[in-house]
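Results of the structural survey
Take a look at the letters that make up each chain.
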Amino acid sequence: MIGRFRFTEFQLLIVPSLATIIGLLTIYLASTGTLDWDWRDIWISIAFMGAVIAISLWFSVTKFAGDQVIFPLTALLCGVGLLVIQRLEPALAALGPGYALLPERQLLYLWVGLGMLAFVVVFIRRLDWLRRYKYTWAVGSILLMIVTMIFGTEVKGARLWLSVGPFTVQTSEIAKIGLVVFLAAYLAENEDLIVAKYRVGPFNFPPIPYLMPIVVMWAFSMLVVVAQNDLGTALLFFGVLLAMIYVASGRLSYVLVGLLSFAGAVVLAYQQFGRVQLRVQNWLDPWQDPLDTGFQQVQSEYAMASGGLFGSGLAFGSPGFIPEVHSDYVFAAVGEELGLLGTFAILMLFLILVFRGFFIAMQARDPFGRYLAAGLTSILAIQTLIILGGTVRLIPLTGITLPFVSAGGSSLLSNFLIIGLLLRVSDPRRTA
Amino acid sequence: MRSALRIVCMTAALAAIVYGLTAGSEWSDRRWLEALAATGVLLTIAWWPGGTRYFSVFNRSTLRLATILLVAFALISVQLVRVQIVQSSRTLDRQEITPDGQVVQNPRERLIGNTENRGAIYDRNGVVLVEQLGAGEETYRSYPAPAAHGLVGYYSPLLYGSTGLEAAYDDELAGREGENPVLEWLDGVLYQDQPGYDLNLTVDIGLQQLAVDMLGDRRGAAVLLDAETGAVVALAGTPTYDPNRLYTDGDTTEQRLTEVSAYWQQLVERSDAPLVLRAVDGLYVPGSTFKMLTASAVVDSGTSTPETFYRDEGILEVDGRVIIEQNRPDESRVDWTLEESFAYSLNVVFARIGLEIGADVLQEYANRFGFGEEPPIDVGATASQLTAPESRLVDSRTLVADTAFGQGELLVTPLQMALIGAAIANGGEIMEPYLVDSIVNGDGEVVEQHMPERWRDPMSAESAEAMQQLMVASASYGYAAGAQIEGLTVGGKTGTAEVGGGGEPHAWFVGYATDGERTYVTAVIVENGGAGSVAALPIGRELLAGAFAK
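None of the values given here were measured: they were computed from a predicted structure. (Residues numbered from 1 in each chain as written. Chains lettered and ligands numbered in written order. Predicted model: local features only at pLDDT ≥ 70, side-chain atom pairs only at ≥ 80, totals over all residues. Heavy atoms only, no water.)

**Focus: the overall build of chain A**
Of regular secondary structure, chain A possesses 17 helices and five strands. Computed over C-alpha atoms, the radius of gyration of chain A comes to 22 Å, within 12% of the 22 Å expected from 2.2 N^0.38 for 432 residues, which places it in the range of a compact globule. By principal-axis analysis of the C-alpha atoms, chain A measures approximately 80 × 65 × 45 Å. The 432 residues of chain A split such that 56% are buried. The contacts of chain A with a sequence gap of at least 6 include a subset with a gap of at least 24, amounting to 73%. Entry remark: accessible area of chain A is about 17800 Å², with carbon and sulfur atoms responsible for 70%. Taken together, the 26 basic and 24 acidic charged side chains of chain A have centroids lying 15 Å from each other. (Helix = DSSP H or I, 4+ residues; strand = E, 2+ residues; numbered from the N terminus. Rg over C-alpha atoms; globule rule 2.2 N^0.38 Å. Buried < 20%, exposed > 50% of the residue type's maximum accessible area, 1.4 Å probe, protein only. Contact = heavy atoms within 4.5 Å. Areas by Shrake-Rupley, 256 points an atom, 1.4 Å probe, with all protein chains shown as cover. Lys, Arg positive; Asp, Glu negative; His and termini not counted. Charge placed at Lys NZ, Arg CZ, Asp CG, Glu CD.)

Dropping the structure here:
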């Protein structure tokens, strides 16, 4: 029993525990301006960390021997997100009834997400059922998105949400995992063929017939995403596809062809769609229209600039001035209150998570596990880069959540599922 | 070989980042992004994983993918340094007024709690220009000296931000600019209000009032400064606005807010732009006053002396454009020295000079005198332009000729013209212009004392002396002869700038006066005022005389 105790993980969990509990205490004391407090005032952080530690202990009890680093990393990122949401609560509550009890809801999502993660890690011993039904996942993902496109709920000009009873689900968050599972399974099956070349006379050709299913699946999903007016997700799907084809084939030429076609698509989209031009304009100079289309970006810029090196301190800034700060611009809120040190810390956490994910992929013994881990890690990495690059105005902004940190149920659950699958792949005693 | 390439790429990437970050506002966002993209490529080469020959395809490509993602994370980090540290104060100070009168500003400015302790502003003799009065929730900011309106700016954090000195010295006036950053931070955390610092200006409110009175109900601006130190004695403009009626703070009542916004709307809708601080931000065609710069260029580049002769036959054709001379006092004479040409403001001669020295020399001297750059005055100022941003002097000989005598696409601020005058009067050196002489804390201790600093030295002392000869000639027998003041050596240049559109020309005067110990420079513009010698010169003369009377 002692030998199986996940001591590294347990030690690493000290950081998120202290950060979430002391952070919440800071927020509470700063907002009340007194030194009186009670354990009940910080129950949300305690409830969250309690669940995290309980799951870590359960991993030990069930003798789970997988990676011990990514779970604490995830907990810390989620903890920061939970802090930011609690800190933003007063500002958000003023926006309307839809924003009520946001921290409590986030806690609920976190619990459900943690439960799902634990379930995947502890009860799903084998992953080959994922591999076997690959076309089911692919077709299912695309159908789900088409259904959303037709019957979905429209929020801010984009139809990305599907109402299921009392819940609304962002279906692209489920589809992204479905498509990676399909790609991983397909690539694992046709590994050798994809690396092979066709010779026609003096020319080498890529094995086009074997790439076709990938391209078709991907084209379908892209089409749906573009029709949904969800450029961030389109960029994510595209990036993940390129990443997976590259790790499977090792051919930079595939990536180049992909990038060229992407460049072409961008130029075409720029000429065709006014909203794409608007995004490019707001990227290069949001000050051209600082009160309307550039408003959010300009406000985010003010927030980041006011943070400086150390930030204003949790609850001492005013990130509430940024519209959508809890979802698209959560990083700007971190920048204002925790400063450059805070934003660097978040970047480092994501970087370690991504490198750990690739490490798991390289350690995996079966091809499906390898591709699955690499694909899931690519999702996390590329999604992070798309939203952070947009927030700091390195690339045009496309609305997408910052994994684990942004408020939101669907993205939180799907990202927990990703971590669960990564942990599953990392188990050395897993039988394919 | 491989490692040498890595070192070269890494060094180049670091150099690009450091250079781009230190270039600050000189680099546009676009240029910075391009540099960052190039840095990304360099970093990818520098960090490309080596020694992977015996790795499996999967492991090798995964490592490479991880490297590319690492580069992307590194670029975001660099961008964060730029956004949060390097560009931080520039972003926070950024405030714009849209054409329909809405103000874009950092909304955090609105969160000022208590303005009870905000500092006061005094003129150089201790006369109150701005002070905070009242107590508790009944505080208000008083601007008792109408002549200082515009220059001191307004303070309206709840609605329209702030401008002028109120904006430029906001931290000091609010008492935030502490000597000790740790104590400052502690004050913020403990919600302790520090008394604001007071500003002592170099401005003499009497002379400022004189300038405003003489401009009367005409639109215009006047600058008076000490050429040896850069201290600004007067910086006036008309029309202006009443900052008393724009003040708001956290305790402002609803009714007051309505009044303030009604007044604001009125100001925004007026066609004579009362919100613009004309002396530093107004852009005008300089007309003949620009000949100071053309003459400085031809003298300092060694092409001519004041005694060099030029031909003026009353007409000059340049690539199809005909320049007709209207300024010769004697139309039968065709040969004129440079000194006479300057005194009589002969356009044909200056067009010839422009073509003689050429576009490059003219451009170089414009840059030397500070064109294209914002003069470093503490209230901030707009850069003057030699040509429109999209055109280049070298492309057009007619543009060179027109520019040389002060028309073309030139747009200058009154401050810039005063600084050209200052270079001539001060032996070829331009001192940094400044308005705040000292900053005093709540206990009456001087926290900061301005020390005069040189901004640039566009020409040699000998050239400046030759230019003084031209200016004095202009003010003794030329068109600026009305500027003479008894007991002082006076030099000057008038200008009557064509504005197009059928309006009356702008009237200009730039001049200096010295008693051997002190030297003052002035620049005056009266918009659509007619002849410079009639409309602008008397104001400049009175300001110069007034400066010595004090």
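Let's pick the thread back up.
**Some remarks on the sheet that holds strand β16 (residues 436-440) of chain B**
Residues and elements named next belong to chain B. The six strands are arranged β5-β4-β3-β8-β16-β17 in an open sheet whose pairing can be described as mixed. The strands lining the two open edges of the sheet, one partner per strand, are β5 (140-142) and β17 (446-449). Here strand β3 (residues 121-122) pairs with strand β4 (residues 128-133) via two bridges, running antiparallel. Counterpart to Ile 121 in the pairing with β4 is Val 130. (Pairing = 2+ DSSP bridges.)

**Observations concerning the pattern of salt bridges**
Working definition: two side chains of opposite charge can pair if their charged atoms are close together. Under the definition given, this model contains 32 salt bridges over all chains. Between Arg 82 of chain B and Asp 29 of chain B there is a salt bridge, with the nearest N and O atoms lying 2.8 Å from each other. Of the two residues, Arg 82 of chain B is situated in helix α3 (residues 57-86) and Asp 29 of chain B in helix α2 (residues 29-47); the sequence distance between them amounts to 53 residues. On the basis of relative accessible area, Arg 82 of chain B is assigned to the buried category, the value being 4%. Here Arg 454 of chain B ties to Asp 457 of chain B by a salt bridge, and the two come within 3.8 Å at their closest N and O atoms. Assessed through its relative accessible area of 42%, Asp 457 of chain B is described here as partly exposed. One network of salt bridges, in which partners are shared, links Glu 301 and Arg 393 of chain A together with Asp 29 and Arg 82 of chain B. (Salt bridge = Lys/Arg side-chain N within 4 Å of Asp/Glu carboxyl O.)

**Regarding the packing of aromatic side chains**
Residues and elements named next belong to chain B. A full pass over the atoms with the stated rule returns 25 aromatic pairs over all chains. Both rings, one in Tyr 520 and one in Phe 548, keep their centres 5.3 Å apart while their planes meet at 90°; by these two values the pair is edge-to-face. On the criterion of sequence distance, the pair formed by Tyr 520 in strand β21 (residues 519-526) and Phe 548 in helix α18 (residues 537-549) is long-range, its members being 28 residues apart. Like Tyr 520, the residue Phe 548 is buried in the burial classification. Here a set of aromatic residues connected by ring pairs shows up, and it is made of Tyr 154, Tyr 160, Tyr 241 and Trp 264. Arg 333 extends its terminal NZ or CZ atom over the ring of Trp 336, reaching a point 4.0 Å from the ring centre. Stacked on the ring of Phe 342, the Lys or Arg Lys 493 has its end atom at 5.6 Å from the ring centre. (Phe/Tyr/Trp six-rings, centres within 6.5 Å; stacked < 30°, edge-to-face > 60°. Lys NZ or Arg CZ within 6 Å of the ring centre and 35° of its normal.)

**Side note on the domain arrangement of chain B**
Reports often express the size of an interface as the amount of accessible area lost when the parts come together. Residue and element names in this part refer to chain B. Partitioning chain B into structural domains gives domain 1 (2-93), domain 2 (108-201 + 243-264) and domain 3 (287-436 + 479-549). Opposite the nine residues of domain 2 that make contact, domain 3 presents five residues. Here domain 2 meets domain 3 over a buried area of about 570 Å², counting both sides, of which 69% is carbon and sulfur. Among the residues of domain 2 in contact with domain 3, Leu 151, Tyr 169 and Leu 201 are the three that bury the most area, contributing 49% of the side total. Inspection of the domain 2/domain 3 interface yields zero salt bridges. If you look at where domain 2 meets domain 3, you find one residue pair in polar contact (both at pLDDT 80 or more). Going through the elements one at a time, α5 (164-168) and β8 (198-201) are the ones with two or more residues in the side of domain 2 that touches domain 3. (Domains from an automatic or database assignment. Buried area = accessible area lost by both parts, 1.4 Å probe. Polar contact = N/O pair within 3.5 Å; in protein donor to acceptor, adjacent residues only side chain to side chain.)

**Describing the side chain of Asp 128 of chain A**
Residue placement: Asp 128 of chain A occurs in helix α6 (residues 128-132). The exposure class assigned to Asp 128 of chain A is buried, which follows from its relative accessible area of 11%.

**What to know about the side chain of Asp 300 of chain B**
The topology assignment puts Asp 300 of chain B in helix α11 (residues 291-300). Residue Asp 300 of chain B is classed as buried on the basis of its relative accessible area, which comes to 18%.

**Considerations on the interface of chain A and chain B**
Contact with chain A, which involves 55 residues of that partner, is made by 43 residues of chain B. Between chain A and chain B, a total of about 4400 Å² is buried, with carbon and sulfur atoms accounting for 77% of that surface. If you sort the residues of chain A by the area they bury against chain B, Trp 287, Tyr 302 and Met 362 of chain A come out on top, with a joint share of 15%. Inspection of the region where chain A meets chain B yields one salt bridge. The salt bridge partner of Asp 29 of chain B is Arg 393 of chain A, with a shortest N-O separation of 2.6 Å. Applying the counting criterion to the chain A and chain B interface returns nine residue pairs in polar contact (both at pLDDT 80 or more). Counting only elements with at least two residues in the side of chain A that touches chain B, the list comes to α11 (231-249), α13 (274-284), α14 (295-307), α15 (330-363) and α16 (367-391) of chain A. When residues in the side of chain A that touches chain B are grouped by element, the largest group, 15 residues, is from α15 of chain A. A class-by-class count of the residues in the side of chain A that touches chain B yields 38 nonpolar, 13 polar and four charged. (Nonpolar A, V, L, I, M, F, W, Y, C, P; charged D, E, K, R; others polar.)

**Looking at the packing of helix α7 (residues 134-151) of chain A against helix α10 (residues 208-227) of chain A**
All names here are of chain A. Direction vectors running N to C along α7 and α10 enclose 15°, while the axes themselves pass 9 Å from each other. On the basis of the axis angle, α7 is roughly parallel to α10. Along this stretch, α7 crosses α10, giving a crossing that reads as left-handed. Of the residues in α10, those touching α7 at Tyr 135, Ala 138, Val 139, Ile 142, Met 145, Ile 146 and Met 149 are Pro 213, Met 217, Phe 220, Ser 221, Val 224, Val 225 and Ala 227. Class assignment of the residues belonging to the contact of α7 with α10 gives a composition of 13 nonpolar, one polar and no charged. (Axes fitted to C-alpha atoms, helices over the stretch in contact; angles between N-to-C directions. Parallel < 35°, antiparallel > 145°, perpendicular 65-115°, else oblique. Left-handed = near helix turned anticlockwise from the far one by under 90°.)

**With respect to the domain arrangement of chain A**
Residue and element names in this part refer to chain A. As far as domains go, chain A holds domain 1 (2-123 + 276-426) and domain 2 (131-272). Each partner contributes to the interface: domain 1 provides 29 residues, whereas domain 2 provides 31 residues. Between domain 1 and domain 2, a total of about 2400 Å² is buried, with carbon and sulfur atoms accounting for 74% of that surface. Between domain 1 and domain 2 we count zero salt bridges in total. Viewed at the interface, domain 2 and domain 1 are joined by five residue pairs in polar contact (both at pLDDT 80 or more). Mapped by element, the contributors of at least two residues to the side of domain 1 that touches domain 2 are α13, α16 and α17 (409-426). Of the residues that constitute the side of domain 1 that touches domain 2, the class distribution is 15 nonpolar, 11 polar and three charged.

**Digging into the sheet that holds strand β19 (residues 489-497) of chain B**
Residue and element names in this part refer to chain B. In spatial order, the strands read β10-β9-β21-β20-β19; together these five strands make up an open sheet with antiparallel pairing. Bordering the open sheet on either side are β10 (232-238) and β19, each of which pairs with just one other strand. Recorded for the sheet is a direction-independent mean angle of 5° between the axes of neighbouring strands. Relative to β21, strand β20 (residues 506-514) runs antiparallel, the two being bridged by eight bridges. Following the sheet pairing, Val 510 is matched in β21 by Ala 523. Here helix α15 (residues 414-425) sits on the sheet and contacts β9 (220-226), β20 and β21; the angle it forms with β21, its principal contact strand, is near 150°.

**Examining unusual backbone geometry**
Of note, the bond from Thr 238 of chain B into Pro 239 of chain B is cis; its omega dihedral lies within 30 degrees of zero at -5°. Here Pro 239 of chain B is to be found in the loop between β10 and α9 (254-269). Positive phi is not limited to glycine here, since Arg 393 of chain A has a value of about 65°. By secondary structure assignment, the location of Arg 393 of chain A is in the loop between α16 and α17. Take Arg 393 of chain A: its relative accessible area is 7%, and that puts it in the buried class.

**So, the confidence of the model for chain A**
In the predicted model, chain A carries a mean pLDDT of 86, and 95% of its residues have values of at least 70. Least confident of the elements in chain A is strand β5 (residues 203-205) of chain A, whose mean pLDDT is 67; most confident is α16 of chain A, at 95. (pLDDT = per-residue confidence, 0-100.)

**Quick notes on the nonpolar core**
Counting residues in hydrophobic clusters, the biggest one holds 151 residues, and the most contacted among them are Phe 48, Phe 59, Phe 368, Tyr 371, Leu 372, Leu 376 and Ile 419 of chain A. Top contributing element to this core by residue count: α15 of chain A, with 16 residues. With residues near it in sequence (within four places) discarded, Tyr 371 of chain A still touches Ala 184, Leu 187, Ala 188, Glu 191, Met 244, Val 247 and Ala 248 of chain A together with Phe 58 of chain B. (Core = buried A, V, L, I, M, F, W, Y, C linked by side-chain atoms within 4.5 Å.)

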